[in-house]
Amino acid sequence: MQIKTRFAPSPTGFLHIGGVRTALFCWLFARHAGGKFVLRIEDTDARRSTPESIDAILQGLEWVGLDWDEGPVFQSDRFARYTELATALLARGQAYHCYCTPEELAAMREAQIAAGQNPRYNRKCRDGAAPRAGISPVVRFKTPRDGEITIHDAVRGPVVYANAELDDLVIMRADGSPTYHFSVVIDDADMQITHVIRGDDHLNNTPRQINLIEALGFGRPEYAHLPMILGEDGTRLSKRHGAVNILEYREQGYLPDAVLNYLVRLGWSHGDQELFTLDEMIELFRLEDVNASASRFSSEKLAWLNQQYIIRSPAAELAPGLDAQLRAIGLDPDSGPAVADVIEGFRERATTLRELAEACGYLYRDFDAFEAKAAKKHLRPVIRDGLNDLREAFAELGGWEAAAIQATIQAVADRRELGFGKLGQPLRVAVTGGGVSPPIDVTIELVGRERSLTRIDAALAYIDARAAAAEHR
RNA sequence: GCUCCCUUCGUCUAGCGGUUAGGACACGGCCCUCUCAAGGCUGAAACACGAGUUCGAUUCUCGUAGGGAGCGCCA
């Protein structure tokens, strides 16, 4: 049997981290088994579905690299099929027309809650109701009144529900469109989905769907309900905290593989391993290793993983991303060193490509002033001669590579009887404007000869002005 | 309210009857060191509670508490 999973988002908003995790697990399971992964858009509710959401979902999945083998299948293209099966259920007496109005149902629900009862449809129309003028009926499914449904969930084990707890759900709306429960069940069967892997929030829906499956004469898929991902504060992910569009992570300079690596460890583990290549994930992923409890999203751990990926990825792979980040913050990548070289120098110092771009700004744009604190501490008259020697030595230096630059600094430091750092740190401030950068030789190489010389000149002028000011006091 | 699910360091997790309860992030210390990082070593830090089952429970069962989900002509 061909293993087949599906990711079935509804296009009513952007794709967020929770959706990506669900898609990832579906994808991993299918890839591991050599099966198929299908993308299906659940857009039966025309009022809430938007083309922008569809676009955001497709883009998001493409960005993280979760590619699908079939689809996207749109449920809105399959209405004829749903109608056909609803008609069949009606004909067989397994479903019925219900003329209760939304207002009546709402009132009923309220009354039930007020009376401390379980809110559910009272089955008023179940045994035949006369058509009411001006009201187009919905179709309701006749849920069995007794018996029970046992789900054998791959992550939770057996879960039992009594049919008596369930009510008769609407399967076709008054406007003739199908509802979620009806369309999922039909599509999963028609598409021959073998494993339904989805969020925990669907566990309670499963017995209703199984009753429908049985009425329709379909076979049951295997089920796996994944634990939820909570926001950083431990509450449900929502627009207010954490539930940002997955594409935001791209904007912020996260790497798709790092995001997937982070997500795969939320609810799944393989011993103590933290870092997984995509191939390893595929090879090692098993539903039995998915745990059942909800987890919190941690942006700190994501940041750490992203840094690990930045450190380990070939510079050439990272270069386009850094290029884009530089442009995004208003820098011109062509006005400085090759971005791949910058990555080599900065990769251990940045958590995201955005951060990296921000840290290396002085390579692409001149700065107006030295950072006050760093300048005060390091650009002092005592170091003037040393800096001046450095300036001259750099001007005459044959090549412009880190090793030669390092040797030059060392030579000047020796001649002036200074520790390397005593000279290096003032030089760093002179050339970068601040006190933090990659190793000074690498930094100077990246800044370039011309810029380095003019910046050292500026530092010398700064020191002179400072000395003059001190004298006048 | 009813039904269902969940519960190991602050967080992500390993554990699948007998362990000094392991790893990772974050945090502290030390080392390395031209700054900042990265890296190495190291420290503090957890089995929600109560009953059972058992020679023995973090592990199995049942309660309690806490958290979550569902109960739509949303998905």
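The structure displayed is predicted, hence computed values, not measured ones. (Residues numbered from 1 in each chain as written. Chains lettered and ligands numbered in written order. Predicted model: local features only at pLDDT ≥ 70, side-chain atom pairs only at ≥ 80, totals over all residues. Heavy atoms only, no water.)

**Notes on the overall build of chain A**
How we decide: Here a strand is any run of E in DSSP of at least two residues, a helix any run of H or I of at least four, and the numbering for each starts at the N terminus. As a reference, a globule follows 2.2 Å times the number of residues to the power 0.38, and the radius of gyration itself is taken over C-alpha atoms. What sets the accessible areas is the Shrake-Rupley method with a 1.4 Å probe; for residues, cover comes only from the shown protein chains.
Within chain A, the regular secondary structure consists of 19 helices and twelve strands. In terms of overall size, chain A is more extended than a compact globule, its C-alpha atoms giving a radius of gyration of 32 Å where 473 residues would be expected to give roughly 23 Å. Dimensions of chain A, computed from C-alpha atoms along their principal axes, come out at roughly 100 × 50 × 35 Å. In the form shown here, chain A has an accessible surface area of approximately 22,100 Å², with 50% of it arising from carbon and sulfur atoms.

**Digging into the packing of aromatic side chains**
Threshold: For this analysis, a ring pair means two rings from Phe, Tyr or Trp (six-membered ring only for Trp) whose centres lie within 6.5 Å, classed as stacked if their planes differ by under 30 degrees, edge-to-face if by over 60, and tilted for the remaining angles. Burial classes follow relative accessibility: with a 1.4 Å probe on protein chains only, a residue under 20% of its type's maximum area counts as buried, one over 50% as exposed, and anything between as partly exposed. Placement of a positive charge over a ring is assigned whenever Lys NZ or Arg CZ falls within 6 Å of the ring centre and within 35 degrees of the normal to the ring plane.
Enumeration according to the criterion identifies eleven aromatic pairs in this entry. The interplanar angle of 75 degrees and the centroid separation of 5.6 Å between the aromatic rings of F370 and Y462 together place this pair among those described as edge-to-face. Here F370, found in the loop between α13 (353–359) and α14 (372–378), pairs with Y462, found in helix α19 (residues 449–471); they are 92 residues apart in sequence, far enough to count as distant. Judged by its relative accessible area of 29%, Y462 is partly exposed. In this structure an aromatic cluster arises from ring pairing among F25, W268, F276 and F285. A cation sits over an aromatic face here: R140 above Y121, 3.6 Å from the ring centre.

**Brief notes about the protein's contact with RNA strand B**
Formally: The criterion for a residue being near a molecule or strand is simple. One of its heavy atoms has to lie within 4 Å of it. Contacts described as polar in this section are N or O atom pairs within 3.5 Å, which, within protein, must combine one atom able to donate a hydrogen with one able to accept it, while residues neighboring in sequence count only if both atoms come from side chains. When residue character is reported, Ala, Val, Leu, Ile, Met, Phe, Trp, Tyr, Cys and Pro are called nonpolar, Asp, Glu, Lys and Arg charged, and the others, Gly included, polar.
Neighbouring residues of RNA strand B: 63 residues in total, closest R173, R236, G267, E348 and S437. Taking N118, its side chain carries an N or O atom lying 2.7 Å from a base nitrogen of RNA strand B. Residue R236 places a side-chain N or O atom 3.3 Å away from a phosphate oxygen belonging to RNA strand B. At the level of secondary structure, the elements contributing two or more residues to the surface near RNA strand B comprise α4 (102–114), β5 (138–141), β7 (157–162), α5 (180–190), β12 (295–296), α10 (299–312), α17 (420–432) and α18 (440–447). The element contributing the most residues to the surface near RNA strand B is α10, with six residues. Across the surface near RNA strand B, the residue classes break down as 21 nonpolar, 20 polar and 22 charged.

**What to know about the pairing of strand β10 (residues 222–226)**
Here is the rule we go by: With its strands directed away from the observer, a crossover is right-handed exactly when the path from the first strand over the helix to the second travels clockwise.
A large share of β10 lies buried, amounting to four of its five residues. In this region the chain leaves strand β9 (residues 195–199), passes through helix α6 (residues 206–216) and returns to the parallel neighbour β10; the handedness of that crossover is right-handed.

**Brief notes about the environment of E348**
What counts here: Here a residue-residue contact requires only that any non-hydrogen atoms of the pair lie within 4.5 Å.
Mapped onto the fold, E348 is located in the loop between α12 (339–346) and α13. Counting along the chain gives 331 residues from E348 to I17, while the straight-line C-alpha distance between them is 26 Å. Apart from residues lying up to four places away in sequence, E348 is in contact with Q307 and I311.

**A word on the environment of Q252**
Residue position: Q252 is located in the loop between α7 (246–251) and α8 (256–264). Each C-alpha atom, one on Q252 and one on D233, is 21 Å from the other, the two residues being 19 residues apart in sequence. Beyond its immediate sequence surroundings of up to four residues, Q252 is in contact with Q325, T352 and R354.

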